[in-house]
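Observations on the model geometry
Residue-level listing of the chains:
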Amino acid sequence: MPFRDLREFLNKLEKEGQLVRLTRELESGYEVSALAWELQERWGPAVMFNLKGYDTPMVIQVHGTLQRNAMALGLEPRPTFKETFIQVRNHVAQKLENKSEWLKPKLVRDAPCQEVVLTGREVNLYKLPVVKWSPLDGGPYITFTNVITRDPGEPSHGLNTGTYRVMLHDERTTGIMCCATQDIGIHIGRARQRGLNKIPVAVVVGVEPVVNIVSTTKMGSFMEDEFEFAGALRGEPVELVPCKTVDLVAPATAELVLEGELDIDPEHARWEGPYGEFMGYYEAPMREPVFHVTAITHRREYIYQNIVLGHPNNESEIIRMPVIQANNYNYLRLTVNGFRDTYAPHRSRGYLHVVQIKKRFPGWGKQAVLATLGAGQVMAAANWVVVVDEDIDIYDMEQVAFAISTRMDPSRDIVLIPQVGVYPLNPAASDRKESPETGYTEFSFIGKMGIDATLKTALEVQRQPAIPVTPDPEAHKKILGLWAELGLPA
């Protein structure tokens, strides 16, 4: 059965020993970040607490392990990181592919997220438990968001929900990070084509876990409805409620909703940042559109769900790692000859993709490199791709390093692509500019590299192809059978 809201999932985590409630307040956002850092280092539990000066309880690390994300999807978590990653990725990939299972959202008129409605002068973002989380942040940030938009003028196109950072400018306005490679950027561009200078937006905090997972998933098309896909993952339609002040909808069981309009006039864009981002670096200030909040609605006693980035095991990376790769997995299965598997190691933050193939013909390694670099999300985010044979465990970077070191001739097996525009949050990029068309910071510029680390056939090298050393199969089988009899430890 699906979790109806965040609270049901927290109750489940508490029963499983995966939620701790602190008995003392934390003093500042810096203490929250320090706590999250240690929890991420130790793969610790979700934690609920109060921040000094605010009555609203805060919860962090809800999605902090792959096992908890498997639970959120109604799956029985597997014992290892690798097994759980494959379990979650393949489950999401199957639901993405089978659109007959998608369920249209259910519209309701009364919703918990609107038990309290604040409009006009009652709107004051500074009353929310939103503070600076890291010393060099440019201001207070709402971090774990579901930012809901739709394609203006195209009711047949679906709703988008995305996790985008939101920095407070003052008590009624924020920035929202938007870029052209994301659905919100496409919606902005299509609105401008229609002569619009504003679009309705709902910034939602504290939703059922499946909706958070969907907000980080890369869909096949911006025209698809992400809440219909969430219905497939839940097995029941998502309940949505009309907003009070804008023509949009929001998840009915959310904890907190900010309604308003996004000013998409390039002349009105403002700088926001720096911000301690998921890739482990402070991202430089960016020019972004301004969100004017027209209403705050929330549950009478709402819970504020927060996320802290920076650590390699940060919650954003763990929640998005398998689901963002599900669409790549589906795409590469269709386009790469001999495809077996693909993996973007979570510590690479998605900037490295490893592809495993069963190579049968000369050139298949480089074909896999080019097909992978041409995949939409990979082109927007990844800096390099490594292709290996099926005897290499792509979830073991030591084995991948072995393949690169012993099966790759740098003069022949590296494919370089000149600089292209990519997702702006790329710390390795050598250049980044504000777009003269939109006025926003939407692209960084970086080259791409592909490494063919497959064993080469006789037609691809001028010497005898390398033959990996393995024990005699029959002798190996016999020794394994005699292991205990020989008195060796298991």
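To start, this report covers the structure provided alongside it. (Residues numbered from 1 in each chain as written. Predicted model: local features only at pLDDT ≥ 70, side-chain atom pairs only at ≥ 80, totals over all residues. Heavy atoms only, no water.)

1. Some remarks on the overall build of the chain
- Counting its secondary structure elements, the chain contains twelve helices and 26 strands.
- Taken against the 2.2 N^0.38 rule, which gives 23 Å for 490 residues, the C-alpha radius of gyration of the chain at 24 Å falls within 12% of a compact globule.
- Considered along the principal axes of its C-alpha atoms, the chain spans approximately 80 × 55 × 45 Å.
- A burial count over the chain gives 56% of its 490 residues as buried.
- The long-range fraction of contacts in the chain, counting pairs at least 24 apart against all pairs at least 6 apart in sequence, stands at 73%. (Helix = DSSP H or I, 4+ residues; strand = E, 2+ residues; numbered from the N terminus. Rg over C-alpha atoms; globule rule 2.2 N^0.38 Å. Buried < 20%, exposed > 50% of the residue type's maximum accessible area, 1.4 Å probe, protein only. Contact = heavy atoms within 4.5 Å.)

2. A few points about the sheet that holds strand β4 (residues 106-107)
- Read across the open sheet, the three strands follow the order β4-β12-β13; overall the sheet is mixed. If you trace the sheet from one side to the other, it starts and ends with β4 and β13 (249-251), each paired once.
- With three bridges joining them, strand β12 (residues 239-242) and β13 adopt antiparallel strand pairing. Considered in β13, the bridge of Val241 is made with Ala250. (Pairing = 2+ DSSP bridges.)

3. Examining the nonpolar core
- Ranked by size, the top nonpolar core spans 126 residues in total, and within it Leu10, Val32, Val92, Ile176, Leu258 and Leu262 carry the most contacts.
- With six residues, strand β11 (residues 198-205) is the largest single contributor of residues to this core.
- When sequence neighbours within four positions are dropped, the list of residues in contact with Leu10 reads Leu19, Met48, Val59, Val62 and Ile303.
- Tyr343, Val354, Ile394 and Tyr395 belong to the second largest nonpolar core, which has 18 residues in total. (Core = buried A, V, L, I, M, F, W, Y, C linked by side-chain atoms within 4.5 Å.)

4. Brief notes about the environment of Pro274
- Note on placement: Pro274 falls in the loop between β15 (270-272) and β16 (275-276).
- Of the residues examined, Pro274 reaches a relative accessible area of 25% and is grouped as partly exposed.
- Counting along the chain gives 208 residues from Pro274 to Leu482, while the straight-line C-alpha distance between them is 61 Å.
- With near-sequence residues (within four places) excluded, Pro274 lies in contact with Leu136, Asp137, Gly138, Tyr141, Glu283, Ala284 and Pro285.

5. Quick word on helix α11 (residues 397-407)
- Of all the positions in α11, only Val400, Ala403, Ile404 and Arg407 are classed as buried. One face of α11 carries all of its buried residues, which in axial projection span an arc of 110 degrees. Of the residues in α11, the exposed ones pointing more than 90 degrees away from the buried face are Glu398 and Ser405.
- Taken together, the buried residues of α11 touch β22 (352-357), β23 (384-389) and β26 (441-452). (Arc of directions from axis to C-beta.)

6. Points about the packing of aromatic side chains
- Counted by the stated rule, this structure contains nine aromatic pairs.
- With 5.5 Å between their ring centres and 45 degrees between their planes, Trp102 and Phe229 make a pair best called tilted. Of this pair, Trp102 sits in the loop between α4 (81-97) and β4 while Phe229 sits in helix α7 (residues 226-234); the two residues are 127 residues apart in sequence, bridging distant segments of the chain. Here Trp102 matches Phe229 in class, with each residue buried.
- Taken together, Phe85, Tyr343 and Tyr395 form an aromatic cluster joined through their ring pairs.
- In this structure, Arg89 is placed above the aromatic ring of Tyr329, and the distance from its NZ or CZ to the ring centre is 4.0 Å.
- Its end group placed over the ring of Phe278, Arg320 keeps NZ or CZ at 4.4 Å from the ring centre. (Phe/Tyr/Trp six-rings, centres within 6.5 Å; stacked < 30°, edge-to-face > 60°. Lys NZ or Arg CZ within 6 Å of the ring centre and 35° of its normal.)

7. Some words on the sheet that holds strand β1 (residues 19-21)
- Ordered in space as β1-β2-β3-β20, the four strands form an open sheet in which the pairing is mixed. Only two strands of the sheet have a single neighbouring strand rather than two, namely β1 and β20 (304-305).
- For strand β3 (residues 57-60) and β20, the ladder comprises two bridges, and the chain directions are parallel. Across the sheet, residue Val59 finds its bridge partner in β20, namely Gln305.
- Those strands touched by helix α2 (residues 29-41) are β2 (46-50) and β3, and its axis lies near 30 degrees from that of β3. (Axes fitted to C-alpha atoms, helices over the stretch in contact; angles between N-to-C directions.)

8. Description of the pattern of salt bridges
- Across all of its chains, the model carries 33 salt bridges by this definition.
- The salt bridge partner of Lys104 is Glu228, with a shortest N-O separation of 3.1 Å. You can see Lys104 sitting in the loop between α4 and β4 and its partner Glu228 sitting in helix α7, a full 124 residues away along the chain.
- Under the relative-accessibility criterion, Lys104 is labelled exposed at 61%.
- Two residues, Arg299 and Glu255, come together in a salt bridge whose shortest N-O distance is 3.6 Å. Pair noted here: Arg299 is in the loop between β19 (290-298) and β20 and Glu255 is in the loop between β13 and β14 (256-263), with a separation of 44 residues, a long-range link.
- The exposure class assigned to Arg299 is buried, which follows from its relative accessible area of 8%.
- Look at the salt bridges and you will find they share partners, linking Asp5, Arg7, Glu255 and Arg299 into a network. (Salt bridge = Lys/Arg side-chain N within 4 Å of Asp/Glu carboxyl O.)

9. Quick word on the side chain of Asp183
- Note on placement: Asp183 falls in helix α5 (residues 183-193).
- The charged side chain of Asp183 is buried without a salt bridge, its nearest counter-charge being Lys218 at 7.0 Å.
- Those residues in contact with Asp183 that lie beyond four places of it in its chain are Asn160, Tyr164, Phe222 and Glu226. (Lys, Arg positive; Asp, Glu negative; His and termini not counted.)

10. What to know about the pairing of β3
- Pairing of β2 with β3, which is carried by four bridges, proceeds in the antiparallel orientation. Within β3, the position partnered with Met48 by the bridge is Val59.
- Hairpin remark: β2 followed by β3, antiparallel, with six residues in the connecting loop; positive phi at Gly53, about 95 degrees.

11. A look at helix α12 (residues 473-482)
- In terms of residue burial, α12 counts as a barely covered element, since only zero of its ten residues are buried.
- By the N-cap criterion, in which a side-chain oxygen at the helix start approaches the backbone nitrogen of a residue two or three places on, α12 is capped by Asp472, the distance to Glu474 being 3.2 Å. (Polar contact = N/O pair within 3.5 Å; in protein donor to acceptor, adjacent residues only side chain to side chain.)

12. Regarding the side chain of His346
- Looking at the element boundaries, His346 is found in the loop between β21 (339-343) and β22.
- A residue is classified by how much of its surface remains accessible, and His346, at 9% relative accessible area, is buried.

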